[in-house]
Amino acid sequence: MSRVLIIGAGGVARVVAHKCAQVPEVFAEICIASRTEGKCKAIAAELPRPVRTAQVDADNTAEMVKLIKTEKPDLVLNVALPYQDLAIMDACLETGVDYLDTANYEPPDNAKFEYKWQWAYQDRFKNAGRMALLGSGFDPGVTNVFCAYALKHHFDQIDTVDIIDCNAGDHGLPFATNFNPEINIREVTAKGRYYHDGQWVETEPLSEHKPFDFPAGIGEREIYLMYHEELESLSKNIPGVKTMRFWMTFSQNYLTHLRVLENVGMTGIEPVEFQGQKIIPLQFLKALLPDPASLAARTKGKTCIGCLINGTWQGKPRRYFVYNVCVHEECYKECNSQAISYTTGVPAMIGAKMMLTGKWRGTGVFNMEQLDPDPFMEALNKHGLPWHEQFD
Ligand code: NDP
């Protein structure tokens, strides 16, 4: 029976709150705290049992420390934005509380995904006897666990991993992002990068693409090579892997809008002078775009995210695809959310459950593939993200 403090009140936080509330035997007490307390209260009003809410600026470690001291959680579950990661980790260390997030730290003025800032906390968490679990969403998160599971049960040697993320859903709007627009556009407009023979190979943004035939009636979609943060930890933690890439589907419509926005400078993160004040174009664009949470009621269709893995098993070559299919409408029925928030929020709750029930324990900073995949895989089936396997 534990107490958990959820930071953030966006699309992902809504799902985390719903899913934690469904498991009272682990999450006995819940507090949702965010910059705008009204959003926490709106989530709280949807839940089947009472939870507390609070206002906090999570960029401010002192405010976080004060809140943690008042709420006395066993775990802080950070589903605010990547910018807050370090301030919240500092607060957890100061108060002696475990930490979990779904996205690695990014400095606001540099769109760069790297674990180095959070891995630098290794000794501090170890010395404090506390655990930090990084990237417990779907990708990163479940995709890391899929790789660990494949290595444990289906391969003697993994040669290549292709992580493939497809959103085949449709919200009917001309242009919207399915999670935080600022974070999403920073990610998509960055250069592509993949791991090959011990080196990182850089590609122009979205320049490499190919068709991929998805299961569950989704069919063929174009997938685009991007850099994604789990490649950094997986390339260290899967021994001998030769090639590791990340691919995502985009509609032509999304790409056309994005190209125009980039060409006119609306995706920039450098401040520009406008009528006597400095504004950051991407932050202004975020203010114009639909709040991803508002897409929930109107998004129809499926997502499919999985890992396509090649290697050898008992001396023979093997091709293995492990994936989940999620239906937007069903997520909405259960949690008032679309599938992108759902597929992130469920693994965040499961990661927290693993830590709080002692199935995943340790001191220091962990990526998901460093822990036993079996109880997590079992929990995915139980809590709404069943997975499937194909062998060739
Ligand atoms: P949203 O933008 O919907 O929500 C973010 C929330 O964080 C908002 O409620 C916002 O408050 C709050 N927030 C922002 N800054 C602060 C602050 N300084 N102090 C307190 N609260 C703050 O984002 P999502 O819910 O879509 O995404 C949440 C996280 O999940 C992101 O880090 C994202 O990168 C990650 N993610 C991970 C995925 C994965 O598979 N691993 C996939 C998708 C997302 P306010 O409402 O006031 O703006």
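Note that this is a predicted model, so its numbers are computed, not measured. (Residues numbered from 1 in each chain as written. Predicted model: local features only at pLDDT ≥ 70, side-chain atom pairs only at ≥ 80, totals over all residues.)

**Examining the site of the ligand**
Argument step 1. Close to the ligand lie 35 residues; Gly 10, Val 12, Ala 58, Ala 103 and Gly 137 are nearest.
Argument step 2. Put simply, the parts of the chain that give the shell around the ligand at least two residues each are α1 (11-21) and α13 (339-356).
Argument step 3. Here the shell around the ligand spans two domains, and each of domain 1 (2-137 + 346-370) and domain 2 (142-337 + 384-391) adds at least three residues to it. (Near = placed C-beta within 6 Å. Helix = DSSP H or I, 4+ residues; strand = E, 2+ residues; numbered from the N terminus. Domains from an automatic or database assignment.)

**Brief notes about helix α14 (residues 373-382)**
Every α-helical turn comprises 3.6 residues, leaving residues that sit three or four positions apart pointing alike.
Argument step 1. Restricting attention to buried positions, one finds in α14 the residues Pro 373, Phe 376, Met 377, Ala 379 and Leu 380. One side of α14 carries all its buried residues, which in axial view fall inside an arc of 160°. α14 presents Glu 378, Asn 381 and Lys 382 as exposed residues on the side facing more than 90 degrees away from its buried surface.
Argument step 2. For α14, the secondary structure elements touched by its buried residues are α7 (142-153), α13 and β18 (387-391).
Argument step 3. Immediately downstream of α14, the backbone of Gly 384 shows phi near 110°, a positive value. (Buried ≥ 20, exposed ≤ 12 C-beta atoms within 10 Å, placed from the backbone. Arc of directions from axis to C-beta. Contact = placed C-beta atoms within 7 Å.)

**Describing helix α4 (residues 85-95)**
Argument step 1. Burial in α4 covers these residues: Asp 85, Ala 87, Ile 88, Met 89, Ala 91 and Cys 92.
Argument step 2. Here the buried face of α4 lies against β1 (2-7), α3 (61-71), β4 (75-78), β5 (98-101), α5 (116-119) and β6 (131-134).
Argument step 3. Within two residues after α4, Gly 96 carries a phi angle of roughly 70°, on the positive side.

**Comments concerning the packing of α13 against α14**
Argument step 1. Orientation of α13 relative to α14, taken along the N-to-C sense of each, is 135°, at an axis distance of 10 Å. Put simply, α13 runs oblique to α14. Crossing geometry of α13 relative to α14 is assigned as right-handed. Side by side, α13 and α14 meet where Ile 350, Lys 353 and Met 354 of the first sit next to Pro 375, Phe 376, Ala 379 and Leu 380 of the second.
Argument step 2. Here the residues of the contact of α13 with α14 sort into six nonpolar, no polar and one charged. (Axes fitted to C-alpha atoms, helices over the stretch in contact; angles between N-to-C directions. Parallel < 35°, antiparallel > 145°, perpendicular 65-115°, else oblique. Left-handed = near helix turned anticlockwise from the far one by under 90°. Nonpolar A, V, L, I, M, F, W, Y, C, P; charged D, E, K, R; others polar.)

**Some words on unusual backbone geometry**
Argument step 1. Going from Asp 139 to Pro 140, the amide bond is cis rather than trans, its omega being 10°.
Argument step 2. Tracing the sequence through the fold places Pro 140 in the loop between β6 and α7.
Argument step 3. Positive phi values are uncommon outside glycine, yet Gln 275 reaches one of about 45°.
Argument step 4. Tracing the chain through its elements places Gln 275 in the loop between β13 (272-274) and β14 (277-279).
Argument step 5. Positive phi values are uncommon outside glycine, yet Asn 336 reaches one of about 55°.
Argument step 6. Overall, Asn 336 belongs to the partly exposed group, with 19 C-beta atoms counted inside 10 Å.

**Section: the domain arrangement of the protein chain**
Argument step 1. The domains assigned to the protein chain are domain 1 (2-137 + 346-370) and domain 2 (142-337 + 384-391).
Argument step 2. Taking only C-alpha atoms, the centre of domain 1 and the centre of domain 2 are 23 Å apart.
Argument step 3. With 21 residues of domain 1 in contact, the opposing surface of domain 2 contributes 25 residues.
Argument step 4. Listed by contribution, the elements that provide at least two residues to the side of domain 1 that touches domain 2 are α1 and α13.
Argument step 5. Per-class residue counts for the side of domain 1 that touches domain 2 are nine nonpolar, seven polar and five charged.

**Observations concerning the packing of α3 against α4**
Argument step 1. Orientation of α3 relative to α4, taken along the N-to-C sense of each, is 45°, at an axis distance of 9 Å. With respect to each other, α3 and α4 are oriented oblique. With respect to the hand of their crossing, α3 and α4 are arranged in right-handed fashion. Along the contact surface, α3 presents Thr 61, Met 64, Val 65, Ile 68 and Lys 69, while α4 presents Ala 87, Ile 88, Asp 90, Ala 91, Glu 94 and Thr 95.
Argument step 2. Partitioned by chemical class, the residues of the contact of α3 with α4 number six nonpolar, two polar and three charged.

**Comments concerning the environment of Leu 93**
Argument step 1. Mapped onto the fold, Leu 93 is located in helix α4.
Argument step 2. In sequence terms Leu 93 and Lys 316 are 223 residues apart; their C-alpha atoms lie 47 Å from each other.
Argument step 3. Excluding residues within four positions of it along the chain, Leu 93 makes contact with Arg 124, Phe 125, Ala 128 and Arg 130.

**Details of the nonpolar core**
Argument step 1. By size, the foremost hydrophobic cluster in this structure holds 111 residues, and its most contacted members are Ile 6, Val 16, Ile 32 and Leu 77.
Argument step 2. Looking at which domains feed residues into this core, each of domain 1 (2-137 + 346-370) and domain 2 (142-337 + 384-391) gives three or more.
Argument step 3. Look past the residues within four positions of Ile 32 in its chain and what remains in contact with it is Ile 6, Ala 9, Ala 13, Ala 17, Cys 40, Ile 43, Ala 44, Val 51 and Thr 53. (Core = buried A, V, L, I, M, F, W, Y, C linked by C-beta atoms within 7 Å.)

**Quick look at the sheet that holds β4**
Argument step 1. Read across the sheet, seven strands follow the order β3-β2-β1-β4-β5-β6-β17 without closing on themselves; strand pairing throughout is parallel. Strands with a single pairing partner mark the edges of an open sheet, and in this sheet they are β3 (52-55) and β17 (364-367). Between one strand axis and the next, the sheet turns through 20° on average, direction left out of account.
Argument step 2. Taken together, the six bridges between β1 and strand β2 (residues 27-34) define a ladder with parallel strand orientation. The residue of β2 that forms the bridge with Arg 3 is Glu 29.
Argument step 3. Each of β1, β2, β3 and β4 is contacted by α3, which is oriented at about 155° to β1, the strand it contacts most. (Pairing = 2+ DSSP bridges.)

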